[in-house]
Amino acid sequence: MAETRIIYGFHAVTSRLRQSADSVKELYLDAAREDRRSLDLLKAAETRGARVMRVDEKRLDGMTQNARHQGVAARIEVARLPTHIEDVLETLEEPALLLILDGVTDPHNLGACLRVADAMGVHAVLAPKDRAVGINATVSKVASGAAETVPYIAVTNLARAMRELKDRGIWLMGTDERAEQDLFQVRLKGPLAWVLGAEGEGMRRLTREHCDELVRIPMLGTVESLNVSVSAGICLSESRRQRQLPPKSV
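Nothing here was measured: the structure is a model prediction, and the numbers come from that model.

> Now, about unusual backbone geometry: what can you tell me, with residues and values included?
One non-glycine residue, Arg131, lies in the positive phi region at around 55 degrees. Relative to the helices and strands, Arg131 resides in the loop between strand E6 (124-128) and helix H6 (137-143). According to the relative accessible area criterion, Arg131 is partly exposed, its value standing at 34%.

> Explain the sheet that holds strand E8 (residues 171-175) residue by residue, including any values.
With parallel pairing, the six strands of this open sheet are ordered in space as E7-E6-E5-E9-E8-E10. Each edge of the sheet is formed by a strand with only one pairing partner; in this case those strands are strand E7 (152-155) and strand E10 (213-215). Neighbouring strand axes in the sheet, compared pairwise and without regard to direction, differ in orientation by 25 degrees on average. Relative to E6, strand E5 (residues 97-102) runs parallel, the two sharing three bridges. Directly across from Leu98, in E6, lies its bridge partner Ala124. Across the face of the sheet, helix H5 (residues 107-119) comes into contact with E5, E6 and E7 while running at roughly 170 degrees to E5. Along the sheet, helix H7 (residues 158-167) makes contact with E5, E6, E7, E8 and strand E9 (192-197), crossing E5 at roughly 160 degrees.

> Tell me about the packing of H5 against helix H9 (residues 228-243), and name the residues and values.
When two helices pack together, you describe them by how their axes are tilted relative to each other and by the distance separating the axes. At a minimum axis separation of 8 Å, H5 and H9 run at an interaxial angle of 15 degrees. Comparing their axes, H9 and H5 come out roughly parallel. H5 and H9 meet at a crossing whose hand is right-handed. For the pair H5 and H9, the contacting residues are Asn109, Ala112, Cys113, Val116 and Ala117 in the first and Val228, Ser229, Ala232, Gly233 and Leu236 in the second.

> Could you give me a rundown of the pattern of salt bridges, with the residues and numbers involved?
Summed over the entire model, instances satisfying the criterion amount to 14 salt bridges. A salt bridge links Glu34 to Arg54; the nearest nitrogen and oxygen atoms lie 3.5 Å apart. In this pair, Glu34 sits in the loop between strand E2 (24-30) and helix H2 (36-47) while Arg54 sits in strand E3 (residues 52-55), placing the two residues 20 residues apart along the sequence. The partly exposed category is assigned to Arg54, whose relative accessible area is 34%. Notably, a salt bridge pairs Arg205 with Glu209, separated by 2.9 Å at the nearest N-O pair. Taken together, the residues Arg205 and Glu209, both in helix H8 (residues 205-209) and four residues apart, mark about one turn of the helix. Looking at Glu209, the relative accessible area reads 48%, which means it is partly exposed. Put simply, Arg5, Arg16 and Glu148 are held in one network by salt bridges that share partners.

What counts, and at which threshold
- Residues numbered from 1 in each chain as written.
- Predicted model: local features only at pLDDT ≥ 70, side-chain atom pairs only at ≥ 80, totals over all residues.
- Heavy atoms only, no water.
- Helix = DSSP H or I, 4+ residues; strand = E, 2+ residues; numbered from the N terminus.
- Buried < 20%, exposed > 50% of the residue type's maximum accessible area, 1.4 Å probe, protein only.
- Pairing = 2+ DSSP bridges.
- Axes fitted to C-alpha atoms, helices over the stretch in contact; angles between N-to-C directions.
- Contact = heavy atoms within 4.5 Å.
- Parallel < 35°, antiparallel > 145°, perpendicular 65-115°, else oblique.
- Left-handed = near helix turned anticlockwise from the far one by under 90°.
- Salt bridge = Lys/Arg side-chain N within 4 Å of Asp/Glu carboxyl O.

Take a look at the structure:
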């Protein structure tokens, strides 16, 4: 039997309808809402053949665990994404680009990281099973569909997984505000995994020690640190930029 998950919020539900309407098993809409946004969503769902149920706010509160659902939720069939990094790497036709997250426990941060990863063509996101939030309804909402398109690989032992990536020729690049080199001084064109820790605590010591290289993101203003999803966006964007350059340009 296929696994299902509840997603909620207009952006997440609309994105899912647009990307994969067949996977939307039921769409729940607050019966009290008759505004343009809800009517447009209702029309889009009916056009795509999705089953729509008008329900009261209490039922929506219950199925979303009292989250800010905006009066809309959907039960979706979860895509069968790879659950092992080997399955991802064996299908690649370009150098690997991965994102490793250590200690990200905030679902909003993880959702934003997945959204960035999807935009930058990341092949998979890896994170430890412990000290990590995992995929849930809040993550799916913030990710706006990316939680169902980017493989999220939860590993029992992050250090061991990093060693295995090294064995496959993937360079592990970590971010550290104390690093001597900055992001724009390093070559990022080969198989690469970015390793980022949560804002505040950063990476664990063992995770940092398993990185091949550490770089800092240049900070030219007054703020001292960046949200992990913002850092991921900057690092991944620079990686993609370098991959578009002629061979001797980097």
